[in-house]
Every structure is written in C-alpha cells, then in structure tokens.
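Report on the structure
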Amino acid sequence: MLYTMKDLLKVAKENKFAVPAFNICSYDMLKAIMEEVEEQNAPVILEIHPDEISYLNDEFVAAVKDYAHKSKVPVVIHMDHGGTINDVMRAIRNGYTSVMIDASVQDYEDNLEITKQVVALAHGVNVSVEAELGTIGNNGSAEGGSANIIYTDPDQAEDFVEKTGIDTLAVAIGTAHGLYPKDLTPKLNIELLKELNQRIDLPFVLHGGSGNPDSEVSEAVKYGVAKVNLSSDLKSVFFDALRDILSKNPAMYEPNEVYPMANEKVKEVVRHKLSVLNTIGKAELY
C-alpha cells in the first residue's frame, strides 16, 4: 500500500510509535527491508537520497513503487535531503509520495522561502513535504550535515511551521549523520524536544538515528518523533557481510550465493529498529 508521509505519520503520532525511514542503495537492500517489515507487519518509509538515485537511475523507482503497491503494509517513498527545486521535481516525476527540502544551512529567511516554494509545488500533486530547521551533525556521511550542531529554536520552529505549511519537521536535538566514533557517545536534548512538542502539533523527524542509544530514541518517540532516519546502521552491516563472504570465498560470483548473508544482516537491523521504535504490528492501524 502506497501512502503519503502526512497520512502515514498522522497515525504514528496519534499512537505513539515511529516509522523507520531506511535509505536504500540497491535492490537487495530494498528486498531485505520489505521482506522483514512484511514479516513484522510494520509500516515503513523507503528513502532515496539524490546521490543514491543518481547512481541507481530513475528506473529503479519503478521497482520500488511496484513493491509498495503490492505490499500488505503501508509504504512511503521519500526523497531524503533534497537540496534544490530540481531534486524535488525529479522525485515528484518519479512518483515519490514525499520529499524533503533541506535548506537548513541557508539563513532562516532563505530556508523559509525555498520551503514555501516546495510546499506549493508538492502539495499541488498530493506529495508530502519535510523540511529541516537547525543543523544535524556529520560523522563523515555523504548525506551531509554540519561540523557544529545548531539546535532547533522553538520560536523559529513555530513561525516556520505556520508560514510554510510543511507536513513534518526534522528537528536538530543532538544527532549526527553517519556512525559515531567509538570515543563519542551521542546525547539527545530531550528537554528541547519536549518543548517543541508542546508548542508544535506536527510529527517530528529524527535524522542521524544510527548509533544513538536505543533508550534515548525510544524516549524521543514519546515526545512527537514519528519518523527516524536510518542509513549507516544498515549499509555498514550489509557491506561488511559482503566483504567477509567474498574474502572467504574468492571464487563465489553468483548473486544468489553472495547476497543472502548480507540481506540477513540487514533484516536483523530492521527487526531491531522496529522494536526500538514500537513499530511491530502497527500496520494493522491503517
């Protein structure tokens, strides 16, 4: 079942669970994620970053849409971190049901105006819009971010949501894209999230969800976070498994022999994240 982000997250916010948004970079990763969420009867968001679609080509989205339409669970196809109007239009033409415009590194007024333009374009064709206020950190991820986290300002956030008409807001409360160094323990600003949740009636998005303590992520779901972005946690186990099996079996070259182990590793992460976010079984609410 193919859903818009607005309709998907309305149910999640009302029922105090979050939907994981998994970045997909190959058909095998798509297959592994969908098989596991269907097994767990859980809704899912499939994210494709502009860099990922540049590699996969637009034709890949046709396979994603076909998977979504035939699935028994709710699925959103979302563009992650679009930086330009061109990114947004490409996603809309490809049939995404949700787009993110990320102008968070611009000054506030520019972010506001760019986001308003995207909302006007997307809402006209029933596509949901996510935007970001404040900046997410970056641990070396291709998804971007800032060297210094700038926390979301509640006053600005209220003004931004009212003036843009966005469907969901990515908040900066202490996360970073990519995997955290072993000597760095991330810490979410839950008190800031509580204030944002009191003042803004909108589902929030937690970017950089890989590597944060499970207990903090679960707590964030109690205070308005209805979507959690996950990329590095999946890609790291997927490619580590491929390196391992190919190094041990240098003569192996059939895809149906090489990929199943990597896919199982992805499924383990998906299953764990669904548990952390309280998403298991929630497809029955739609």
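Residues numbered from 1 in each chain as written. Predicted model: local features only at pLDDT ≥ 70, side-chain atom pairs only at ≥ 80, totals over all residues. Heavy atoms only, no water.

Feature annotation in UniProt places "binding site: Zn(2+) 1" (unreviewed entry) on His 81, His 177 and His 207, given in this structure's numbering. A polar atom in the side chain of His 81 sits 2.8 Å from the side chain of Asp 102. (UniProt positions renumbered as here; feature names shortened; annotations may be inferred. Polar contact = N/O pair within 3.5 Å; in protein donor to acceptor, adjacent residues only side chain to side chain.)

Reading around the circumference, E1-E2-E3-E4-E5-E7-E9-E10 is the order of the eight strands in this closed barrel, with parallel pairing throughout. Here the average twist between neighbouring strands, direction ignored, is 25°. Taken together, the four bridges between strand E5 (residues 128-133) and strand E7 (residues 168-171) define a ladder with parallel strand orientation. Following the sheet pairing, Glu 130 is matched in E7 by Thr 168. (Pairing = 2+ DSSP bridges. Helix = DSSP H or I, 4+ residues; strand = E, 2+ residues; numbered from the N terminus. Axes fitted to C-alpha atoms, helices over the stretch in contact; angles between N-to-C directions.)

We now examine the pairing of strand E10 (residues 225-230). Burial analysis of E10 places six of its six residues in the buried class, which makes it a mostly covered element. Across four bridges, strand E1 (residues 19-23) lies against E10 in parallel orientation. When the bridges of E10 are listed, Phe 22 appears paired with Leu 230. Relative to E10, strand E9 (residues 204-206) is paired through three bridges, and the arrangement is parallel. Pairing of Val 205 across the sheet is with Lys 227, part of E10. (Buried < 20%, exposed > 50% of the residue type's maximum accessible area, 1.4 Å probe, protein only.)

A separate point is the packing of aromatic side chains. Under the counting rule described, the total for this entry stands at five aromatic pairs. Ring geometry for Tyr 27 and Tyr 67: centres 6.3 Å apart, planes at 40°, overall tilted. Residue Tyr 27 is found in helix H2 (residues 27-39), and its partner Tyr 67 is found in helix H4 (residues 59-70); the two are separated by 40 residues along the sequence. When the centroid spacing of 6.1 Å and the interplanar angle of 55° are considered together, the rings of Tyr 108 and Phe 160 count as tilted. With a gap of 52 residues between them, Tyr 108 in helix H6 (residues 108-123) and Phe 160 in helix H7 (residues 154-164) connect regions that are remote in the sequence. (Phe/Tyr/Trp six-rings, centres within 6.5 Å; stacked < 30°, edge-to-face > 60°.)

Between its terminal C-alpha atoms H4 stretches 18 Å, which fits the 16 Å expected from twelve residues at 1.5 Å a residue. Every buried residue of H4 is accounted for by Phe 60, Val 61, Val 64, Tyr 67 and Ala 68. The buried side chains of H4 occupy one side of the element, clustering within an arc of 120° when seen end-on. Away from the buried face of H4 by more than 90 degrees, exposed residues Glu 59, His 69 and Lys 70 are located. Tucked inside the fold, the buried residues of H4 contact H2, strand E2 (44-48), helix H3 (50-56), strand E3 (75-82) and helix H5 (85-94). (Expected span 1.5 Å × (residues − 1). Arc of directions from axis to C-beta. Contact = heavy atoms within 4.5 Å.)

Counted under the stated rule, the structure contains 19 salt bridges. Asp 58 is the partner of Arg 90 in a salt bridge, and the nearest nitrogen-oxygen pair spans 2.8 Å. A residue pair is termed long-range when its members are at least 10 positions apart, and Arg 90 in helix H5 and Asp 58 in the loop between H3 and H4 qualify at 32 residues. Between Lys 116 and Glu 113 there is a salt bridge whose closest N-O contact spans 3.6 Å. Taken together, the residues Lys 116 and Glu 113, both in helix H6 and three residues apart, mark about one turn of the helix. (Salt bridge = Lys/Arg side-chain N within 4 Å of Asp/Glu carboxyl O.)

All right, on to the nonpolar core then. In this structure, Ile 24, Ile 33, Met 34, Leu 46, Val 99, Ile 166 and Leu 169 are the most contacted members of the largest nonpolar core, which totals 76 residues. Not counting residues up to four positions away in its chain, the partners in contact with Met 34 are Val 44, Leu 46, Tyr 67, Ser 71, Val 73 and Val 75. (Core = buried A, V, L, I, M, F, W, Y, C linked by side-chain atoms within 4.5 Å.)

If you add up the space inside the largest pocket, you get close to 200 Å³. If you trace the largest pocket, you find it lined by Met 5, Lys 6, Asp 7, Leu 9, Lys 10, Lys 13, Glu 14, Ile 166, Asp 167, Asp 201, Leu 202 and Pro 203. (1 Å grid on protein atoms, 1.4 Å probe; cavity = no way out; pocket = protein on both sides within 12 Å on 5 of 7 lines; lining within 4 Å. Points joined across faces, edges and corners; volume = space filled by probe spheres on them.)

Two faces make up the sheet, and in a regular strand the side chains alternate between them. Residues Ser 98 and Met 100 point to one face of strand E4 (residues 98-101) and Val 99 and Ile 101 to the other, with burial holding for every one of them. Where E3 lies against E4, three bridges are found, and the strand directions are parallel. By the bridge assignment, Gly 82 is partnered in E4 with Ile 101. In terms of handedness, the path from E3 via H5 over to E4 forms a crossover that is right-handed. (Right-handed = clockwise from strand over helix to strand, strands pointing away.)

With that settled, consider unusual backbone geometry. Located in the positive-phi region is Lys 16, a residue other than glycine, with phi close to 60°. Relative to the helices and strands, Lys 16 is located in the loop between helix H1 (5-14) and E1. Using a relative accessible area of 49% as the deciding quantity, one classes Lys 16 as partly exposed. With phi around 65°, Asn 278 is a residue other than glycine that occupies positive phi space. The residue Asn 278 is located in the segment after helix H11 (255-276) in this model.

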